[in-house]
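In case you want the letters, here they are:
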Amino acid sequence: MPYELILSEIRGRVGLLTLNRPQAMNALNNQLMHELMDALEAYDKEDAVGAMVITGNEKAFAAGADIKEMAEQSARQMMDRDHVGVFGRIRTIQKPVIAAVSGWALGGGCEIALSCDMIVASESARFGQPEITIGVIPGAGGTQRLTRAVGKAIAMEMILNNRTLSAQEAYQFGMVNRLVPVQGYLEAALTLAEEIAARAPLALRAGKKMINQAFEGTLSEGLTAEKQEFYNLFTTEDQKEGMQAFVEKRKPEWKGI
Ligand code: CO8
């Protein structure tokens, strides 16, 4: 696929997407965001891919939305071009997505990481929502997802006073799954993604959907939906295969049906 600002490749069963605007700290301009979302959606439909990893480079995952592109925009222009809506496409991805973060994950960069299902961080990662310093607030879920991820007190400090979190702090606050030395963070994310990609595809999709529902909805709605998803999985061949394989003491072979 002819992308200019991202790199995309399949490694094993993992679709690896690398933000590739290093001269601008991977600032997320409109073109880059469209390419990223197009590539994620393509891998979501691709049978050879079971999970995705989004990464940047050692210095920057992404330093936020492209300020130079936004600086002169009117509210009307921002709405017409739906700058925020393109970030929202990540929510529709059904396969697991892992962010492999090193260096700066600021503003929209932090929001992309928070929109992923898991975060693997290098020891040099730094997370922040510095929008207050340029006269705005996070617009791609930061006020909502960050607050759920790290709690109200820390989110307030980050969003109202530009506190950045070190990788260690983000790990302690439960925002990050794995904390890894810089030279190993991408491999760690790819290994985690490969492990997940080898699991039963329909159960993966149902599990992701239900956890996201827990994040967004009420407990009673979530419990009702979970029960339905659980029963639905008994219509699949993979459920029969998984349980039969356990009984026969062998490894299951998933078909995704
Ligand atoms: N936008 C545009 N260009 C950027 C951005 C950015 N967000 N970040 C860095 N760059 C550019 C710099 O302008 C510079 O370009 P040039 O060489 O042409 O001057 C180049 O990248 C290298 O950057 P620095 O020289 O500044 O590198 P430093 O190592 O000194 O500093 C920092 C790195 C700390 C990351 C610094 O660049 C910085 O503070 N960047 C801005 C961070 C920021 O404020 N991010 C929030 C942006 S707003 C946002 O994300 C809102 C999202 C809302 C939803 C989406 C709607 C579209």
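Residues numbered from 1 in each chain as written. Predicted model: local features only at pLDDT ≥ 70, side-chain atom pairs only at ≥ 80, totals over all residues. Heavy atoms only, no water.

Concerning the pattern of salt bridges
Alright, step 1. Summed over all chains, the structure comprises 14 salt bridges.
Alright, step 2. Residues Asp38 and Arg89 are paired through a salt bridge, measuring 2.6 Å at the closest nitrogen-oxygen approach. You can see Asp38 sitting in helix α1 (residues 30-45) and its partner Arg89 sitting in the loop between α4 (83-88) and β5 (97-101), a full 51 residues away along the chain.
Alright, step 3. A relative accessible area of 38% places Asp38 in the partly exposed class.
Alright, step 4. The network of salt bridges with shared partners includes Glu9, Arg11 and Glu187. (Salt bridge = Lys/Arg side-chain N within 4 Å of Asp/Glu carboxyl O. Helix = DSSP H or I, 4+ residues; strand = E, 2+ residues; numbered from the N terminus. Buried < 20%, exposed > 50% of the residue type's maximum accessible area, 1.4 Å probe, protein only.)

Some remarks on the site of the ligand
Alright, step 1. Around the ligand, the structure places 24 residues, and the nearest of them are Ala63, Ala65, Ile67, Lys68 and Gly108.
Alright, step 2. Interatomic distance of 2.9 Å between a backbone N/O atom of Ile67 and a nitrogen atom of the ligand.
Alright, step 3. Within the backbone of Gly108, an N or O atom sits 2.8 Å from an oxygen atom of the ligand.
Alright, step 4. In isolation the ligand offers 1100 Å² of accessible surface; the protein chains occlude 66% of this area.
Alright, step 5. Of all the secondary structure elements, the ones that give two or more residues to the shell around the ligand are α2 (67-70), α4, β6 (104-106) and α5 (108-115).
Alright, step 6. Grouping the constituent residues of the shell around the ligand by class yields 14 nonpolar, six polar and four charged. (Near = heavy atom within 4 Å. Polar contact = N/O pair within 3.5 Å; in protein donor to acceptor, adjacent residues only side chain to side chain. Areas by Shrake-Rupley, 256 points an atom, 1.4 Å probe, with all protein chains shown as cover. Nonpolar A, V, L, I, M, F, W, Y, C, P; charged D, E, K, R; others polar.)

A word on the environment of Arg89
Alright, step 1. C-alpha separation for the pair Arg89 and Phe246, spaced 157 residues apart in sequence, amounts to 37 Å.
Alright, step 2. Non-local contacts of Arg89, meaning those with residues more than four positions away in its chain, are made with His34, Met37, Asp38 and Glu41.
Alright, step 3. Side-chain polar atoms of Arg89 contact the side chain of Asp38, separated by 2.6 Å. (Contact = heavy atoms within 4.5 Å.)

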